[in-house]
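Coordinate analysis (summary)
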Amino acid sequence: MPYLEIARLEKSFGANRVVTDFNLGVEQGEFISLLGPSGCGKTTVLRMVAGFERPSSGAIRIGSEDVVGKRPNQRNIGMVFQAYALFPNLTVAENVGFGLKIKGARRDEITARVAEMLALIGLPDLGARYPFQLSGGQQQRVALARALAPKPRVLLLDEPLSALDAKVRVSLRNEIRAIQRDLGITTIFVTHDQEEALSISDRIVVMNAGIADQVGTPFEIYNRPTTRFVANFVGQLNLFKADDAGRIGGVAVGQGDFAARPEAVHLGREAESDIVLPATVEEVHFLGSVIRVTAAAAGARIALDTFNRPDMPPPAVGSAVELSLSSRDLIPLK
Amino acid sequence: MSLYARLTGWIVLLFGLGYFFIPLLGLTEFSLKARRGVYSLDAYAKIIGDTEFQATFSYSVVMALVTIAFGILIVVPTAFWVRLKMPWARPYVEFLTLLPLVIPAIVIVFGYIRLYNTSSWLPLTGTVTGTNLLLAFGYTVLALPYMYRAVDTGLRTIDVATLTEAAQSLGAGWATILTRVILPNVLPAVLSGAFLTFAIVIGEFTLAALLDRPAFGPYLQRIGANKPYEPFALSVIAFAITWACMGLIQLVTRFSKHMKAES
Ligand SMILES: Nc1ncnc2c1ncn2[C@@H]1O[C@H](COP(=O)(O)OP(=O)(O)O)[C@@H](O)[C@H]1O
Ligand SMILES: [Mg+2]
């Protein structure tokens, strides 16, 4: 039985239904991402788990205890916000110790735990500073330490990296993941950034207009998207339409639309590829280890990625080439 | 800037300063003339030695402190709740808090006397404590516009909703949130509201006189009507108190160490 269980959760603001039949089971120690475009209801789901919004219907259970009727301050859930939300009048150490102080922990206990948390986030010497004296990345780490200090049952993070610049974003997301693994804390992480979700999650919930479209590991979500929305939203995609006879490039694949990732399409004939399409190169982007080529084939624009090889220069723009792919790599779109 | 413009600026400034300070200087000078032929602090000594001055002044100070406490207790939770849960109500609440500026104090006090007289359902004016309480309520109303604006401005500088939720997720209840998160962060604003309240209460005449309480305002009026030099010394003292309050407002604003320097 999952540690955190969300069952048939719904939420409407007036006539506006924002979350529809949301179901999710999170195992103890699991790192789950809610991924979806802005406005799809991720924050609303998170806020219902935290207790800041009341579900219109449905259940939320933590360790088989129903928490829907409980106030946010009775749930023992850690929360990290996009805007850091550190208390400006308190030092870093006082911020981190806030939750313990409210629980009535002894002063020496608090001091010890604060030191432990500050060491965990790699800022052992900044306890006496005030929030405004820290960089954005440091503030968010302190916010993480503050949320974790009282040993919450579940950790919730709402786009915690969105306000940071790109470099800090990548290093901090890895750090968050490392700390989460270390402590084994059950975590829900909200993001609209698919790369972020793919890189650090045990499982991803892809949300679309208040509905959980697909739940799965990053590998499953990326390679076997079950809906057109998921296929489009996660990763880049090439669209192929089968002809009336259900064929692509002369190979029978069945009726309907299909998608293939850029890395599934090859330049030239590959041994395992049964589909071969003549194409004209339109764009070549040399990205270093990877070369991204865009070519026109079968009336569509196809993007493909090949690894750089010193003995093989990239094709010239306008040249005629052959593209090949395996029909097994085609993703049928519903 | 041309010499002419600069000169005009200086002249305007000097005129303004003169307009403000010359009467004050005259006042101060006259207050020092109690002894014939020489300047002396006799008038001040007399005032400060006057037991009635001591009694009325301490009474008003205590009333001011009580009023400030009432003001904080009423205004901080109200302004917080309006910002957090009912932002649509802000214009109405603001309008309500401005009413005391429009309604004369004398109307308020007559209303009080009608409502709370000895034959009413709540005969507050029947006892000394009751009347004192009524006076403090009246002062709180008079100070409401200043207190509310100060606190609301202070709340604008912090992200009330997110800080509240952060505190809640850490286990804090409403009382803890108000006293440990909201109040400390609007303290400079609350203090500036408090000093304004103090200045208002110390000099207030109408409410105290009509409720017949021994406050500083009525004392000032009585001395002014009956003594030659002392009223001027008193005026100087009253000015000094008001300015001290203003100075303190500046100080707390500048020395709230956790606030970023306003730029
Ligand atoms: N308190 C609220 N009142 C009314 N509508 C809201 C409220 N909170 C969120 N919404 C609406 O719910 C939808 C989902 O919002 P949200 O959960 O914040 O999305 P996300 O976090 O995925 O960007 C949006 O259309 C938003 O306008
Ligand atoms: Mg959101």
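Residues numbered from 1 in each chain as written. Chains lettered and ligands numbered in written order. Predicted model: local features only at pLDDT ≥ 70, side-chain atom pairs only at ≥ 80, totals over all residues. Heavy atoms only, no water.

1. Some details on the overall build of chain A
- A tally of regular secondary structure across chain A gives eight helices and 20 strands.
- Projected onto its principal axes, the C-alpha positions of chain A cover 75 × 45 × 35 Å.
- Within the span of chain A, comprising 334 residues, buried residues form 50% of the whole.
- For chain A, contacts bridging at least 24 residues in sequence account for 65% of all contacts bridging at least 6.
- Carbon and sulfur atoms make up 50% of the accessible area of chain A, which amounts to about 15100 Å² in all.
- When the 37 basic and 37 acidic side-chain charges of chain A are each reduced to a single mean position, those positions are 8 Å apart. (Helix = DSSP H or I, 4+ residues; strand = E, 2+ residues; numbered from the N terminus. Buried < 20%, exposed > 50% of the residue type's maximum accessible area, 1.4 Å probe, protein only. Contact = heavy atoms within 4.5 Å. Areas by Shrake-Rupley, 256 points an atom, 1.4 Å probe, with all protein chains shown as cover. Lys, Arg positive; Asp, Glu negative; His and termini not counted. Charge placed at Lys NZ, Arg CZ, Asp CG, Glu CD.)

2. A short note on the overall build of chain B
- A tally of helices and strands in chain B yields twelve helices and zero strands.
- Sequence-ordered secondary structure for chain B, helices as α and strands as β, is α-α-α-α-α-α-α-α-α-α-α-α.
- Principal-axis analysis of the C-alpha atoms gives chain B an extent of 75 × 70 × 30 Å.
- Out of the 263 residues belonging to chain B, those deemed buried represent 40%.
- Of the contacts formed within chain B by residues at least 6 apart in sequence, a portion of 75% connects residues at least 24 apart.
- Of note, chain B has its 18 positive side-chain charges centred 3 Å away from the centre of its 12 negative side-chain charges.

3. Points about the sheet that holds strand 15 (residues 266–267) of chain A
All names here are of chain A.
- Pairing is antiparallel in the open sheet, where five strands are placed in the order 15-19-16-17-18. With one partner strand each, in any of the chains shown, strand 15 and strand 18 (300–307) form the two edges of the open sheet.
- One ladder, built from two bridges, connects strand 15 with strand 19 (residues 320–325); its direction is antiparallel. Residue pairing for strand 19: His-266 is matched across the bridge by Ser-324. (Pairing = 2+ DSSP bridges.)

4. As for the site of ligand 1
Residues and elements named next belong to chain A.
- Taken together, Phe-13, Val-18, Pro-37, Ser-38, Gly-39, Cys-40, Gly-41, Lys-42, Thr-43 and Thr-44 make up all the residues around ligand 1.
- Within the contact set of ligand 1, an oxygen atom lies 3.1 Å away from a backbone nitrogen or oxygen of Gly-41.
- Burial of ligand 1 by the protein amounts to 58% of the accessible area it has alone, namely 560 Å².
- When the residues that make up the shell around ligand 1 are grouped by side-chain class, the tally is four nonpolar, five polar and one charged. (Near = heavy atom within 4 Å. Polar contact = N/O pair within 3.5 Å; in protein donor to acceptor, adjacent residues only side chain to side chain. Nonpolar A, V, L, I, M, F, W, Y, C, P; charged D, E, K, R; others polar.)

5. Considering helix 6 (residues 128–156) of chain B
All names here are of chain B.
- Given a rise of 1.5 Å per residue, 29 residues ought to cover 42 Å, and the 40 Å separating the end C-alpha atoms of helix 6 matches this to within 8%.
- Residue Ala-143 marks the point of greatest curvature in helix 6, where the axis turns by about 55 degrees; the proline Pro-145 follows within four residues.
- One side-chain oxygen at the N-terminal end of helix 6 lies 3.0 Å from the backbone nitrogen of Gly-130; it belongs to Thr-127. (Expected span 1.5 Å × (residues − 1). Bend = angle between axes of the 7 residues up to and from the residue.)

6. Quick notes on the interface of chain A and chain B
- On the chain B side, the residues contacting the 21 residues of chain A number 21 residues.
- Buried area between chain A and chain B, summed over both chains or domains, comes out near 2000 Å², and the portion from carbon and sulfur atoms is 67%.
- Summed over the three residues of chain A that lose the most area to chain B, namely Asn-73, Asn-89 and Phe-132 of chain A, the buried surface amounts to 27% of that side.
- Counting the contacts that link chain A with chain B gives one salt bridge. (Buried area = accessible area lost by both parts, 1.4 Å probe. Salt bridge = Lys/Arg side-chain N within 4 Å of Asp/Glu carboxyl O.)

7. As for the pattern of salt bridges
Residue and element names in this part refer to chain A.
- Tallying each qualifying case throughout the model produces 29 salt bridges over all chains.
- In this structure, Glu-175 and Arg-141 form a salt bridge, with 3.2 Å as the shortest nitrogen-oxygen distance. Linking Glu-175 in helix 5 (residues 166–183) with Arg-141 in helix 4 (residues 136–148), this pair joins segments that are 34 residues apart in sequence.
- Taking relative accessible area as the criterion, Glu-175 reaches 21% and is therefore assigned partly exposed.
- A salt bridge links Arg-173 to Glu-195; its shortest N-O distance comes to 3.2 Å. Note that Arg-173 is positioned in helix 5 and Glu-195 in helix 6 (residues 194–200), a separation of 22 residues in sequence.

8. Observations concerning the pairing of strand 7 (residues 154–158) of chain A
Residue and element names in this part refer to chain A.
- Burial runs high along strand 7: five of the five residues are buried.
- A two-sided burial pattern is seen for strand 7, the buried positions comprising Val-154, Leu-156 and Asp-158 on one face and Leu-155 and Leu-157 on the other.
- Pairing of strand 6 (residues 77–80) with strand 7, which is carried by four bridges, proceeds in the parallel orientation. Its bridge partner lying in strand 7, Val-80 is registered against Leu-157.
- Two strands pair when backbone bridges link them, and strand 7 and strand 8 (residues 186–191) are joined in this way by five bridges, in the parallel orientation.

9. Here's the deal with the sheet that holds strand 4 (residues 57–62) of chain A
All names here are of chain A.
- Strand order across the open sheet formed by four strands is 2-1-4-5, with antiparallel pairing between neighbours. Two strands lie at the open edges of the sheet, namely strand 2 (16–26) and strand 5 (65–66), each paired on one side alone.
- Running at roughly 115 degrees to strand 1 (residues 4–13), helix 1 (residues 42–50) makes contact with strand 1, strand 2 and strand 4 of the sheet. (Axes fitted to C-alpha atoms, helices over the stretch in contact; angles between N-to-C directions.)

10. Concerning the pairing of strand 2 of chain A
Residues and elements named next belong to chain A.
- Judged from the seven bridges that link them, strand 1 and strand 2 form a sheet pairing that is antiparallel. Bridge pairing links Phe-13 to Asn-16 in strand 2.
- What sits between strand 1 and strand 2 in their antiparallel hairpin is a turn of two residues, with Gly-14 showing a positive phi close to 65 degrees.

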